[in-house]
Amino acid sequence: MAMLVKICGMTRPEDVTGCAEAGADLLGFIFAAKSPRRLTAAQAAALPRTTARRVGVFVEQTLEEVLAVMDAADLDFAQLHGGQDAAFCRAVGPQRVIRAFWPQKHPDTASLAAEVQRFAGAIRYALLDAGTSGGGHGVSLPFKPLADFSPSMPWLLAGGLGPDNVAEAVAQARPHGVDLNSGVESSPGLKELAKVRRSLWAVKG
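Here is what the cut-offs are and how they apply
Residues numbered from 1 in each chain as written. Predicted model: local features only at pLDDT ≥ 70, side-chain atom pairs only at ≥ 80, totals over all residues. Heavy atoms only, no water. Helix = DSSP H or I, 4+ residues; strand = E, 2+ residues; numbered from the N terminus. Contact = heavy atoms within 4.5 Å. Polar contact = N/O pair within 3.5 Å; in protein donor to acceptor, adjacent residues only side chain to side chain. Axes fitted to C-alpha atoms, helices over the stretch in contact; angles between N-to-C directions. Parallel < 35°, antiparallel > 145°, perpendicular 65-115°, else oblique. Left-handed = near helix turned anticlockwise from the far one by under 90°. Nonpolar A, V, L, I, M, F, W, Y, C, P; charged D, E, K, R; others polar. Buried < 20%, exposed > 50% of the residue type's maximum accessible area, 1.4 Å probe, protein only. Arc of directions from axis to C-beta. Pairing = 2+ DSSP bridges. Salt bridge = Lys/Arg side-chain N within 4 Å of Asp/Glu carboxyl O.

**Q** Would you explain the side chain of serine 199 in this entry?
**A** For serine 199, the position within the fold is in helix 7 (residues 193-204). Each residue touching serine 199, except ones within four places of it in the same chain, is listed here: Gly162, Pro163, Val166, Leu180 and Val184.

What follows is the structure, encoded as structure tokens:
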């Protein structure tokens, strides 16, 4: 499959259109209460539609809240970043879920792979992020240890990625896609399109 690029933390119409025009496949809209990039469903719904698919990032919401926001904001995917279980993912819809996992919670890649594999058939994509919970830390995972990570579903690499390190991340970790946020911003929620374009070029050529 072609390398996927997701750009998260959309807050402005010009960033939505600019990132899509640069070649982003997925655009993320954050609904986590503590995020400086948080939107309401109405705010996300008001942002333009593009060729990129729309992803809602959820942490503390109930299943009913996730489904309601997905409908109201016209979202294609739910990115579940709060440790939701496989039953929750299946209820959202296995083909509509990107589920976050945290390698730094595990002693080794085999332990991580075992956790991810428990979600086989319940999610569309796994996403590996830095830290041990939540997201938006702006730091990178070690890339090389992930080269052996090969779950049964495609996976995306997140955490502190931008134009200066995303090519190295792809070459060493060998994910199916990358998730960019703070590494392509001038400040939280404000994308710097020159960095976006450089990152997309580094990944897709």
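**Q** What is the right way to read the side chain of arginine 54 from this model?
**A** On the secondary structure map, arginine 54 appears in strand 3 (residues 53-58). For arginine 54, the side chain forms a polar contact with the main-chain oxygen of alanine 73, separated by 2.8 Å. Within polar-contact distance, the side chain of arginine 54 engages the backbone oxygen of aspartate 74 at 3.0 Å. Once you skip the residues sitting within four places of it in the chain, arginine 54 turns out to touch Leu27, Phe29, Ala44, Ala45, Leu47, Pro48, Arg49, Ala73, Asp74, Leu75, Asp76 and Phe77.

**Q** Is there a simple way to explain the packing of helix 1 (residues 13-22) against helix 7 in this structure?
**A** The axes of two packed helices give the description: the angle between them and the distance between them. For the pair helix 1 and helix 7, the least separation of the axes is 9 Å and the interaxial angle reads 25 degrees. The orientation of helix 1 with respect to helix 7, classified from their angle, is roughly parallel. Pair helix 1 / helix 7 crosses with right-handed handedness. Contact with helix 1, carried on its side by Glu14, Gly18, Cys19 and Ala22, involves Leu193, Val196, Arg197 and Leu200 of helix 7 and no other residues of that element. Within the contact of helix 1 with helix 7, the residues separate by chemical class into five nonpolar, one polar and two charged.

**Q** Hey, could you run me through helix 6 (residues 166-173) in this one?
**A** An α-helical segment advances 3.6 residues per turn. Residues three or four places apart therefore align on the same side. Those residues of helix 6 lying buried are Val166, Ala169, Val170 and Ala173. Buried residues of helix 6, viewed axially, fall in a sector of 95 degrees; they line one side. Residues of helix 6 that are buried sit in contact with strand 7 (155-158), strand 8 (177-180) and helix 7. With its phi angle positive at about 55 degrees, arginine 174 sits one or two positions after the end of helix 6.

**Q** In this structure, what is going on with the environment of alanine 86? I would like to understand it.
**A** Counting through the fold element by element, alanine 86 comes out in helix 4 (residues 86-92). Residue alanine 86 is classed as buried on the basis of its relative accessible area of 15%. Along the primary structure alanine 86 and alanine 46 are separated by 40 residues, whereas in three dimensions their C-alpha atoms are 31 Å apart. Apart from the residues lying within four places of it in its own chain, the contact partners of alanine 86 are Arg118, Phe119 and Ala122.

**Q** For this particular structure, what's the right way to read the sheet that holds strand 2 (residues 26-30)?
**A** By definition, the strands of a sheet pair up through backbone hydrogen bonds, in either a parallel or an antiparallel sense. Reading around the barrel, the eight strands line up as 1-2-3-4-5-6-7-8 and close back on themselves, with parallel pairing between neighbours. Strand-to-strand twist of the sheet, defined as the mean angle between neighbouring strand axes without regard to direction, takes the value 25 degrees. Running over the sheet, helix 5 (residues 109-117) touches strand 5 (97-101) and strand 6 (125-128) and is turned about 150 degrees from strand 5.

**Q** Would you take a moment to explain the pattern of salt bridges for this structure?
**A** Counted under the stated rule, the structure contains ten salt bridges. For arginine 198, the salt bridge is made with aspartate 164, and the minimal N-O distance between the two is 2.9 Å. You can see arginine 198 sitting in helix 7 and its partner aspartate 164 sitting in the loop between strand 7 and helix 6, a full 34 residues away along the chain. The class of arginine 198 is partly exposed, set by a relative accessible area of 45%. Exposure remark for aspartate 164: the relative accessible area of 70% places this residue in the exposed category. A single network of salt bridges, built from pairs that share partners, joins Arg12, Glu14 and Asp15.

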